[in-house]
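A closer look at the structure
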Amino acid sequence: MTANKRPVSVLVVAGLYVAVGVLGFAAHFRELLAGHGDAPMIELTELLAVVAGVFLWRGNNWARWLALAWIAFHVLLSALHSVREMAVHGLLCIAIAWLLFNAAADRYFQRSETQPT
């Protein structure tokens, strides 16, 4: 891996976060316009996914933690729905944690901390 090459794991997770955030924001936008009570928080959550994805792509270490917190939050939310939904989110959380905190990702994010973005 060269100094400025992102690991595939980071690219995949960053792309997924941006896609989920944009698609989720679009899907819930009608609820925001209709004035549903929880719509602003849902949209904020979707925007946080986009922020995490963009800054993962840029190599900001804090974005790894935001991404992990984002999916952990969804594990907690899904616990209010069904065991199956919680299990799926739990497995996604484990996979994302592994993808963002493996050795190649660690080197990439450490490099980013020592170089200006």
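Placed above this text is the structure.
Residues numbered from 1 in each chain as written. Predicted model: local features only at pLDDT ≥ 70, side-chain atom pairs only at ≥ 80, totals over all residues. Heavy atoms only, no water.

Tallying each qualifying case throughout the model produces 5 aromatic pairs. Consider the rings of Phe 25 and Phe 29, whose centres lie 5.7 Å apart with planes at 35°: the pair is tilted. Taken together, the positions of Phe 25 and Phe 29, both in helix H1 (residues 8-33) and 4 residues apart, correspond to about one turn of that helix. What makes Phe 25 partly exposed here is its relative accessible area of 25%. Sitting over the face of the ring of Trp 57, Arg 6 holds its NZ or CZ atom 4.2 Å from the ring centroid. (Phe/Tyr/Trp six-rings, centres within 6.5 Å; stacked < 30°, edge-to-face > 60°. Helix = DSSP H or I, 4+ residues; strand = E, 2+ residues; numbered from the N terminus. Buried < 20%, exposed > 50% of the residue type's maximum accessible area, 1.4 Å probe, protein only. Lys NZ or Arg CZ within 6 Å of the ring centre and 35° of its normal.)

For the rest of this paragraph, the subject is the nonpolar core. Grouped together as the largest cluster of nonpolar side chains are 19 residues, with contacts concentrated most on Tyr 17, Leu 56 and Ile 71. Among the elements of the structure, H1, helix H2 (39-58), helix H3 (61-78), helix H4 (83-101) and helix H5 (103-114) are those that each provide at least two residues to this core. It is H3 that provides the largest number of residues to this core, a total of 6 residues. If we skip the residues at most four places from it in the chain, Tyr 17 touches Ala 49, Val 50, Ala 52, Gly 53, Ala 67, Leu 68, Trp 70, Ile 71 and Ile 96. (Core = buried A, V, L, I, M, F, W, Y, C linked by side-chain atoms within 4.5 Å. Contact = heavy atoms within 4.5 Å.)

Right, let's talk about the layout of surface pockets for a bit. Empty space among the atoms becomes apparent when a probe as large as a water molecule is rolled across them. Each pocket or cavity is described by its volume, and for the largest pocket that value is around 540 Å³. For the largest pocket, the lining is made up of 22 residues, of which Val 20, Thr 45, Glu 46, Trp 70 and His 74 are closest to its centre. Of all the secondary structure elements, the ones that give two or more residues to the lining of the largest pocket are H1, H2, H3 and H4. When residues in the lining of the largest pocket are grouped by element, the largest group, 6 residues, is from H2. The residue inventory of the lining of the largest pocket, partitioned by class, reads 16 nonpolar, 4 polar and 2 charged. (1 Å grid on protein atoms, 1.4 Å probe; cavity = no way out; pocket = protein on both sides within 12 Å on 5 of 7 lines; lining within 4 Å. Points joined across faces, edges and corners; volume = space filled by probe spheres on them. Nonpolar A, V, L, I, M, F, W, Y, C, P; charged D, E, K, R; others polar.)

Here the focus is H2. For H2, spanning 20 residues, the distance from its first C-alpha to its last is 29 Å, which sits close to the expected 28 Å at 1.5 Å a residue. Note on H2: the residue one or two positions beyond its end, Gly 59, has a positive phi of about 95°. (Expected span 1.5 Å × (residues − 1).)

On to H4, then. With 19 residues, H4 extends 26 Å from end C-alpha to end C-alpha; this agrees with the ideal 27 Å at 1.5 Å per step. Residues of H4 that are buried include every one of His 89, Cys 93, Ile 96 and Leu 100, and no others. Down the axis of H4, the buried side of the element spans an arc of 75°, and every buried residue falls inside it. Residues of H4 that are exposed and point over 90 degrees away from its buried face: Val 83, Arg 84, Leu 91, Ile 94 and Trp 98. (Arc of directions from axis to C-beta.)

Everything listed here is a matter of geometry and, on its own, says nothing about what the molecule does.
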